[in-house]
Amino acid sequence: MECLAGTTLGEFIIRQQAAYPHATGELSTLLSSLQRAARVVNREINRAGISDVLGSMDQLNVQGEEQQKLDWFANERFKEALAARGEVCGLASEEEDGFVTFSPVNKRPGKYVVLIDPLDGSSNIDVNISVGTIFSIYRRVSPIDGPVVLADFLQPGSEQVAAGYIIYGSSTMLVYSTGQGVNGFTLDPSLGSFFLSHPNMRIPQQGRIYSINEGNYVDFPPGVKRFIKECQRDCPAENRPYTSRYIGSLVADFHRNLIKGGIYLYPPGTQLPDGKLRLLYEANPLAFLMEQAGGMATNGDVRLLTLQPESLHQRTPCYLGSRQLMLLLSACLCH
Ligand code: AHG
Ligand code: MN
Ligand code: MN
């Protein structure tokens, strides 16, 4: 079926903007820049095996993790695309030590900051498994005519103006929210456009998938161990045992659970007392999407979106999922 009658992402963004008479169009332009960079990164990922982009850069990022060539490539493309237009005054990235300041374009300072995990699941690149990009957008809080400052980036997730991800999977999709529900767009590679394929995405209230790196079991908090045992309990009347799925690319695990219903868990452990996921680049944007899709997102204690960030690369325990599974988890954690 040809998609001549379909809505493109560009058309959808313009339609949404029209609902706000005072909108200046800057957020729309910013989202367009993100989709443009996504198409370039997608092209490179698709031909990864035949171009020289697989493997490591032989250097560590600021968090001591091995940087892959594609981590670096994706970071550069998103940075270029966002710097070129002028809506964004600064960017913080998992791949940069500190935040990056963008110069004003046409003397007009940008009013947004972007926080990004340019390539999520990078350990999966070399083995042809889905990876992603996660982005988060805030309005700056510092005066528009002054320099961008750290406080512009350290805002609670509830202040996000928009958040989303791109999944480079069996098809490439861009999923995002500006706080009025979640919509998903699939890239038609022959036309080079994203088309609305998943309008108003809602996570099933009662999912039956749990996603966790069970290899770390001995290190899990007792409440998480109790939850796993609950998921594994043999009770056909309640559709249990539930099913375990974990691919190790957060975006892919999240996307599957969003569509089918489930829960993603990255608990704290003795090696990683705050878990592994980054609050600003991973947990908060996905928490925003999860809540917008009707699910819940916590650090095991409070809503992720209420946390006041203290540093750019801060980590947090992270639980995201269907309402009933999140309530079961919270009962197990409080037990
Ligand atoms: P990144 O590639 O951006 O560093 O993220 C890796 C993250 C996330 O994608 C995934 O869910 C998690 O690390 C997997 O961690 P474990 O290998 O510890 O399960
Ligand atoms: Mn990541
Ligand atoms: Mn990454």
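1. Notes on the coordination of the manganese ion (ligand 3)
Okay, so step 1: Listed as protein donors to the manganese ion (ligand 3) are Glu94 (OE), Asp117 (OD) and Leu119 (O); their distances from the metal cover 2.2 Å.
Okay, so step 2: Donor residues for the manganese ion (ligand 3), ordered by position in the chain, follow E-x22-D-x1-L.
Okay, so step 3: Between the manganese ion (ligand 3) and the manganese ion (ligand 2), both coordinated by Asp117, there is a metal-metal distance of 3.8 Å.

2. Some words on the packing of aromatic side chains
Okay, so step 1: Enumeration according to the criterion identifies seven aromatic pairs in this entry.
Okay, so step 2: Ring geometry for Phe99 and Phe153: centres 4.8 Å apart, planes at 25 degrees, overall stacked. With Phe99 in the loop between strand E3 (88–93) and strand E4 (100–101) and Phe153 in helix H4 (residues 150–153), the pair connects residues that are 54 residues apart, well separated along the chain.
Okay, so step 3: A residue is classified by how much of its surface remains accessible, and Phe99, at 27% relative accessible area, is partly exposed.
Okay, so step 4: Residue class for Phe153 comes out buried when judged on its relative accessible area of 0%.
Okay, so step 5: Each ring, one from Tyr165 and one from Phe254, has its centre 5.8 Å from the other, and the planes form 85 degrees; the classification is edge-to-face.

3. Structural notes on the sheet that holds strand E5 (residues 112–120)
Okay, so step 1: Overall, mixed pairing links the eight strands, which are arranged E4-E3-E5-E6-E7-E8-E9-E10 in an open sheet. Unpaired on one side and paired on the other, E4 and strand E10 (193–198) mark the two borders of the sheet.
Okay, so step 2: Both E3 and E5 contribute to a ladder of five bridges, which runs parallel. Bridge pairing in E5 links Leu91 to Val114.

4. Re the sheet that holds strand E15 (residues 318–321)
Okay, so step 1: Strand order in the open sheet made by the five strands is E12-E11-E13-E15-E14, with mixed pairing throughout. The two strands at the open ends of the sheet, each matched to only one other strand, are strand E12 (243–244) and strand E14 (296–298).
Okay, so step 2: Direction of pairing for E14 relative to E15: antiparallel, over a ladder of three bridges. The residue of E15 that forms the bridge with Ala297 is Leu320.

5. Section: the site of ligand 1
Okay, so step 1: Among the 16 residues in the neighbourhood of ligand 1, the closest are listed as Asp120, Asn213, Tyr246, Tyr264 and Tyr266.
Okay, so step 2: Between ligand 1 and the protein, one listed contact pairs an oxygen atom with a side-chain N or O atom of Glu94 at 3.1 Å.
Okay, so step 3: With respect to ligand 1, the backbone of Leu250 contributes an N or O atom lying 2.9 Å from an oxygen atom.
Okay, so step 4: Here ligand 1 loses 85% of its free accessible area of 470 Å² to cover by the protein chains.
Okay, so step 5: Among the residues making up the shell around ligand 1, the classes are represented as five nonpolar, five polar and six charged.
Okay, so step 6: No fewer than three residues from each of domain 1 (9–198) and domain 2 (209–334) sit in the shell around ligand 1.

Thresholds applied
Residues numbered from 1 in each chain as written. Chains lettered and ligands numbered in written order. Predicted model: local features only at pLDDT ≥ 70, side-chain atom pairs only at ≥ 80, totals over all residues. Heavy atoms only, no water. Donors = N, O, S within 2.8 Å, 3.2 Å for Na, K, Ca; no water. Phe/Tyr/Trp six-rings, centres within 6.5 Å; stacked < 30°, edge-to-face > 60°. Helix = DSSP H or I, 4+ residues; strand = E, 2+ residues; numbered from the N terminus. Buried < 20%, exposed > 50% of the residue type's maximum accessible area, 1.4 Å probe, protein only. Pairing = 2+ DSSP bridges. Near = heavy atom within 4 Å. Polar contact = N/O pair within 3.5 Å; in protein donor to acceptor, adjacent residues only side chain to side chain. Areas by Shrake-Rupley, 256 points an atom, 1.4 Å probe, with all protein chains shown as cover. Nonpolar A, V, L, I, M, F, W, Y, C, P; charged D, E, K, R; others polar. Domains from an automatic or database assignment.

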